[in-house]
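An overview of the molecular structure
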Amino acid sequence: AQRVTQPEKLLSVFKGAPVELKCNYSYSGSPELFWYVQYSRQRLQLLLRHISRESIKGFTADLNKGETSFHLKKPFAQEEDSAMYYCALPRNYGQNFVFGPGTRLSVLP
Amino acid sequence: DGGITQSPKYLFRKEGQNVTLSCEQNLNHDAMYWYRQDPGQGLRLIYYSQIVNDFQKGDIAEGYSVSREKKESFPLTVTSAQKNPTAFYLCASSIQAGVLEQYFGPGTRLTVT
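Residues numbered from 1 in each chain as written. Chains lettered and ligands numbered in written order. Predicted model: local features only at pLDDT ≥ 70, side-chain atom pairs only at ≥ 80, totals over all residues. Heavy atoms only, no water.

With respect to the overall build of chain A
Counting its secondary structure elements, chain A contains zero helices and 11 strands. Each helix and strand of chain A, ordered N terminal to C terminal, gives the series β-β-β-β-β-β-β-β-β-β-β. The principal-axis extent of the C-alpha atoms belonging to chain A is close to 40 × 30 × 25 Å. The burial tally for chain A puts 46% of its 109 residues in the buried class. Sequence separation of at least 24 residues holds for 58% of the intrachain contacts in chain A that already meet a minimum separation of 6. Carbon and sulfur atoms form 50% of the exposed surface of chain A, whose accessible area is close to 5,600 Å². (Helix = DSSP H or I, 4+ residues; strand = E, 2+ residues; numbered from the N terminus. Buried < 20%, exposed > 50% of the residue type's maximum accessible area, 1.4 Å probe, protein only. Contact = heavy atoms within 4.5 Å. Areas by Shrake-Rupley, 256 points an atom, 1.4 Å probe, with all protein chains shown as cover.)

Structural notes on the packing of aromatic side chains
All chains considered together, the criterion is met by 15 aromatic pairs over all chains. A network of ring pairs unites the aromatic residues F34, Y36, Y86, F97 and F99 of chain A together with Y33, Y35, Y48 and F104 of chain B as a single cluster. The ring of F74 of chain B has R68 of chain B sitting right over it, with the charged end atom 6.0 Å from the ring centre. (Phe/Tyr/Trp six-rings, centres within 6.5 Å; stacked < 30°, edge-to-face > 60°. Lys NZ or Arg CZ within 6 Å of the ring centre and 35° of its normal.)

Description of the interface of chain B and chain A
Opposite the 24 residues of chain B that make contact, chain A presents 20 residues. Where chain B packs against chain A, one counts one salt bridge. Viewed at the interface, chain A and chain B are joined by seven residue pairs in polar contact (both at pLDDT 80 or more). Those elements giving two or more residues to the side of chain B that touches chain A turn out to be β4 (31–38), β5 (42–51) and β9 (87–94) of chain B. A class-by-class count of the residues in the side of chain B that touches chain A yields 12 nonpolar, nine polar and three charged. (Salt bridge = Lys/Arg side-chain N within 4 Å of Asp/Glu carboxyl O. Polar contact = N/O pair within 3.5 Å; in protein donor to acceptor, adjacent residues only side chain to side chain. Nonpolar A, V, L, I, M, F, W, Y, C, P; charged D, E, K, R; others polar.)

Details of the pattern of salt bridges
Residues and elements named next belong to chain B. This structure, assessed with the given rule, holds eight salt bridges over all chains. Linking K71 and D30 is a salt bridge whose minimum nitrogen-to-oxygen distance equals 3.3 Å. Linking K71 in the loop between β7 (64–66) and β8 (76–78) with D30 in the loop between β3 (19–25) and β4, this pair joins segments that are 41 residues apart in sequence. Classification of K71 as partly exposed rests on a relative accessible area of 25%. With a closest N to O distance of 2.7 Å, R36 and D38 form a salt bridge. Judged by relative accessible area, which is 6%, R36 ranks as buried.

Observations regarding the sheet that holds strand β1 (residues 4–7) of chain B
Residue and element names in this part refer to chain B. Reading across from one edge, β1-β3-β8-β7 is the order of the four strands in this open sheet, with antiparallel pairing throughout. Where the open sheet ends on each side, the last strands, each with one partner, are β1 and β7. Strand-to-strand twist across the sheet, computed as the mean angle between neighbouring axes with direction ignored, equals 20°. Sheet topology places β3 next to β8; three bridges connect them, and they run antiparallel. Bridging from a neighbouring strand, T20 pairs with T77 of β8. (Pairing = 2+ DSSP bridges. Axes fitted to C-alpha atoms, helices over the stretch in contact; angles between N-to-C directions.)

Next comes the structure, spelled out in structure tokens:
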């Protein structure tokens, strides 16, 4: 069964420091993974998807099939990056997602 | 910002009462979803609907019911059979099932006492 794990419930970094939010998955085949973000008092929204290979708000994520990981990275964290981050994996032939438990990122001044 | 609306934002009910949460979208999306968000558990899928008059159970459907009589509406009823109904409920939609970008509503926080 498809599964997504995010080992860190809370990650605190100082402004300007690099940040890496971990995501591991279990899936047979070639997955398309997503990162969603929820800022305080805002809706959950798509941050990036690996297939587009874009950098959004300075974040990137690389799919590592060998390690079954899709870690989210940013070289220099900003205070406005503080939010809840969810990694998501499609299942049932793309009919819906399974979400990880989420990591709360806190960027300290 | 419109798109998907959920009402009300906060809802309080007594134990033993059924309650219906509203979800409406004007994006002309075929697929709609209901999730429950609990701290430390992420989003768990309750029900989803790929098209009007069709819906499927998600991972935690017990104690919940839905209907999809109109494309733009996907109400969720939390019944008295749901053992731990107090939670934050999120509705989402996507253009169609299989198109994986989902758009989320603002959520409804339900408190049952």
